[in-house]
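Structural features, examined
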Amino acid sequence: MAVEGLLRLAVFASGQGTNLQALLDRSGDPAWGWQVVLVYSDRPGAPALARARQAGVPAITWRPASYPDRDSHERALVAALAAHRVAAVALAGYMRLLGPVLLAAYPGRILNIHPALLPAFRGLDAVGQALAAGVSVSGCTVHLVDAGMDTGPVVLQAAVPVLAGDDHERLAARIRVQEHRTYPLAVRWLARRLAPGKETS
Ligand code: GRF
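Before going into details, it helps to say that this report is about the structure given with it. Predicted model, so just to flag it, every value in this text is computed and none were measured. (Residues numbered from 1 in each chain as written. Predicted model: local features only at pLDDT ≥ 70, side-chain atom pairs only at ≥ 80, totals over all residues. Heavy atoms only, no water.)

1. Comments concerning the nonpolar core
Soluble globular proteins tend to bury their nonpolar side chains together. L7, L9, V11, L23, W34, V36 and Y183 are the most contacted members of the largest nonpolar core, which totals 27 residues. Of all the elements in the fold, those that place two or more residues in this core are β1 (7-12), α1 (18-24), β2 (34-41), α2 (47-54), β4 (88-91), β5 (110-114), β6 (137-144) and α6 (168-193). A per-element tally of this core places α6 first, with five residues. When near neighbours in sequence (up to four residues on either side) are disregarded, L9 contacts L23, W34, Q35, V36, V37, L38, V86, A88, V89, A90 and V187. F12, V37, Y40 and L98 belong to the second-largest nonpolar core, a separate cluster that totals 17 residues. (Core = buried A, V, L, I, M, F, W, Y, C linked by side-chain atoms within 4.5 Å. Buried < 20%, exposed > 50% of the residue type's maximum accessible area, 1.4 Å probe, protein only. Helix = DSSP H or I, 4+ residues; strand = E, 2+ residues; numbered from the N terminus. Contact = heavy atoms within 4.5 Å.)

What follows is the structure in structure tokens.
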């Protein structure tokens, strides 16, 4: 059911969708300020899709490889977003760099979450990068998306200690707990920023 006054949010996810779940759990709550109205996955088997369906949210999945190029895939996505009157997008473990078509359609309206304290450890396996570097603190970052890989303006970060004896699984799990706390706070910030009557640029 559509709730007036809430940010109409799409979530893109390629994998497990635990961050998607954190957003679904608060969807439709005026205290948080958004409603997840569409979930997209570029991986038809992604568990994230089952989470969307379980929550009663429309979920679509297409194989990007079935499109001639990135622009045509993104044009199809922009049309789907428009059909669901999506106002902002949250990338939640979406393993694809966005191109100019999506970025132009949603300027300043796309968030991403990354499991490191950006600008440290951009790109793939940020948890492994942090362990290899021997840092004593890592964490997670929510940022606005630009054309780069994990490069846009930072919205919110949470620090997570790296403890003696940590392996990839333990550190990733500790960071994940903070991601699930941080992403909803960042989406609430965006919802307030984009609320009717506020400047959107
Ligand atoms: C998270 O660690 C996120 O920071 C990264 O991909 C992972 C997605 O996990 N971009 P999930 O699918 O939300 O469980």
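2. Side note on α2
What α2 keeps buried is the set A48, L49 and A52. All buried residues of α2 fall inside an arc of 100° around its axis, so they share one side. Of the residues in α2, the exposed ones pointing more than 90 degrees away from the buried face are R53 and Q54. Where α2 is buried, its residues meet α1, β2 and β3 (59-61). (Arc of directions from axis to C-beta.)

3. A short note on the site of the ligand
Around the ligand, a shell composed of Q16, G17, T18, N19, G93, I113, H114, P115, R176 and E179 is seen. A distance of 2.9 Å separates a nitrogen atom of the ligand from a polar atom in the backbone of I113. Protein chains bury 86% of the 370 Å² of accessible surface belonging to the ligand in isolation. Counting only elements with at least two residues in the shell around the ligand, the list comes to α1, β5 and α6. When the residues that make up the shell around the ligand are grouped by side-chain class, the tally is two nonpolar, six polar and two charged. (Near = heavy atom within 4 Å. Polar contact = N/O pair within 3.5 Å; in protein donor to acceptor, adjacent residues only side chain to side chain. Areas by Shrake-Rupley, 256 points an atom, 1.4 Å probe, with all protein chains shown as cover. Nonpolar A, V, L, I, M, F, W, Y, C, P; charged D, E, K, R; others polar.)

4. Let's talk about the pattern of salt bridges
Opposite charge on two side chains permits them to pair, given that their charged atoms come into close proximity. This model, assessed by the stated rule, comprises four salt bridges. Of the charged contacts, one joins D42 and R96 as a salt bridge, the two residues approaching to 2.9 Å between their closest N and O atoms. In this pair, D42 sits in the loop between β2 and α2 while R96 sits in the loop between β4 and α4 (100-105), placing the two residues 54 residues apart along the sequence. Residue class for R96 comes out partly exposed when judged on its relative accessible area of 37%. A salt bridge links D166 to R170, with the nearest nitrogen and oxygen atoms 3.4 Å apart. For R170, a relative accessible area of 45% puts it in the partly exposed group. Shared partners join several salt bridges into a network, and the residues in it are D166, R170 and R174. (Salt bridge = Lys/Arg side-chain N within 4 Å of Asp/Glu carboxyl O.)

5. Description of the packing of helix α5 (residues 126-133) against α6
Any two packed helices are characterised by how steeply their axes cross, that is the angle between the axes, and by the distance between the axes. Closest axis-to-axis distance for the α5/α6 pair is 10 Å, and the angle between their directions is 120°. By the angle between their directions, the pair α5 and α6 is classed as oblique. In this structure, the crossing between α5 and α6 has a hand that is right-handed. Each of V127, G128 and L131 in α5 lies in contact with α6, whose residues at this interface are H168, L171, A172 and I175. (Axes fitted to C-alpha atoms, helices over the stretch in contact; angles between N-to-C directions. Parallel < 35°, antiparallel > 145°, perpendicular 65-115°, else oblique. Left-handed = near helix turned anticlockwise from the far one by under 90°.)

6. Looking at the pairing of β6
Within β6, seven of the eight residues are buried, which leaves the element mostly enclosed by the surrounding structure. In this sheet, strand β7 (residues 154-161) lies alongside β6 in antiparallel orientation, the contact comprising seven bridges. Looking at β7, one finds that T141 is bridged to Q157. (Pairing = 2+ DSSP bridges.)

Taken by themselves, the reported measurements are silent on function.
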